[in-house]
Amino acid sequence: MTQPLNIVWNPSEGIDLGFFMIRYYSLMFVIAFGLGWFLMKKIFEREHEPLDKLDSLFVWTVLATLIGARLGHVFFYDWEYFRNHLLEIFLPVRFEPKFEFTGFQGLASHGAAIAIVLAMYYYSKIILKRPLLWILDRVVIPVASGAIFVRIGNFMNSEIIGHETTSAFGIRFLHDKFSKAEAVNATQIANPKEAYTAIATDPKFADLLAQVPAKHPTQLYEAFCYIFVFAILYFLYWKTNARLKSGYLFGLFLVLLFVVRFIVEFVKESQGGIEEELGLFSTGQWLSIPFIIIGLFFIIRAQRNPLAAS
């Protein structure tokens, strides 16, 4: 039987500047959006589009991604909770059982995908004056690159992890097993960071460490696969005539990204949502199926009518 690498994942919350903490998850979003802006700038220059329209695209994409991902999580995965805590949908706090700052825990890529399409519809009609599929065929390239960093951010946060495994890829997510309060109570060390470190390294707490199972790092599986999704789209846009086939790159993006998501979901822990009612597949898989079908439609449509407009 293959044994896990026995990696104990105990990351810090971020880069501590003394007066300010740069959280890794937030940093990954900044990198994703920054790289996305750079990629779209190169695309706009190639297409001879005025760069002043790029600023609007950036703003609309950021807003659509964050708002759509948040609402996607709320409605697809955790509506039973948020229906009774409406203020917490857009406030980074939890009111019960006690008031605490939590940050925005819970972002769903399916919600972000829907919101980006809606935002691009507005942007294409009002600002860019181009067909919707023209901008969608191009914006999916930076979106694919951004997906890589978002999943790395999930890994840094020890969230969206997989089932227990005995494979060589298993990682022991310390923060997933023990909350900060649990780590402090178990070690009697007041500082959560020091408590986690003690569990991970101090032989005195070996019994606590033994309770942490190895699990699939599904965030890294997705991030790795998204590198290829991005590379394929990037190559096809810059090195072939795929960009001239209206809807082709957009459709290919939907198929590739959500097929990856569908497959990885088989080893991912349940995130809740509609799977209890529908059965068979996870919520993420059920939500991915329509995107894959839509993507196939646009690929076939583009092949039959390469110059079709939106």
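Going by the structure above, here's the rest.
Residues numbered from 1 in each chain as written. Predicted model: local features only at pLDDT ≥ 70, side-chain atom pairs only at ≥ 80, totals over all residues. Heavy atoms only, no water.

A. Broad picture of the packing of helix H5 (residues 132–156) against helix H11 (residues 248–264). It is the contact of H5 with H11, at a shortest axis distance of 7 Å, that shows an interaxial angle of 25°. The angle between the axes of H5 and H11 places the two elements in the roughly parallel class. When you trace H5 past H11, the crossing you get is left-handed. The residues of H11 that touch H5, namely those facing Leu133, Leu136, Asp137, Val140, Val143, Ala144, Ala147 and Arg151, are Tyr248, Leu249, Phe250, Phe253, Leu257 and Arg261. Per-class residue counts for the contact of H5 with H11 are 11 nonpolar, no polar and 3 charged. (Axes fitted to C-alpha atoms, helices over the stretch in contact; angles between N-to-C directions. Helix = DSSP H or I, 4+ residues; strand = E, 2+ residues; numbered from the N terminus. Parallel < 35°, antiparallel > 145°, perpendicular 65-115°, else oblique. Left-handed = near helix turned anticlockwise from the far one by under 90°. Contact = heavy atoms within 4.5 Å. Nonpolar A, V, L, I, M, F, W, Y, C, P; charged D, E, K, R; others polar.)

B. View of the packing of helix H1 (residues 24–47) against helix H10 (residues 218–239). Here H1 crosses H10 at 15°, and the two axes come no closer than 12 Å. Comparing the axis directions of H1 and H10 gives the class roughly parallel. Of the two elements, H1 crosses H10, and the hand of that crossing is left-handed. Touching Leu39, Lys42, Ile43, Arg46 and Glu47 of H1 are Phe230, Tyr234, Tyr237 and Trp238, all from H10. Its residues assigned to classes, the contact of H1 with H10 shows 6 nonpolar, no polar and 3 charged.

C. Seen up close, the pattern of salt bridges. Tallying each qualifying case throughout the model produces 9 salt bridges. Across the pair Glu49 and Arg130 runs a salt bridge, and its minimum N-O distance is 2.8 Å. Taken together, the positions of Glu49 in the loop between H1 and helix H2 (52–77) and Arg130 in the loop between helix H4 (109–128) and H5 put the pair 81 residues apart, joining distant regions of the chain. The exposure class assigned to Glu49 is buried, which follows from its relative accessible area of 11%. The residue Lys215 makes a salt bridge to Asp176 at a minimum N-O spacing of 3.1 Å. Taken together, the residues Lys215 in strand S7 (residues 214–215) and Asp176 in helix H6 (residues 174–177) connect sequence positions 39 residues apart. What makes Lys215 buried here is its relative accessible area of 10%. Connected through salt bridges with shared partners, the residues Arg151, Glu222, Arg261, Glu265 and Lys268 form a single ionic network. (Salt bridge = Lys/Arg side-chain N within 4 Å of Asp/Glu carboxyl O. Buried < 20%, exposed > 50% of the residue type's maximum accessible area, 1.4 Å probe, protein only.)

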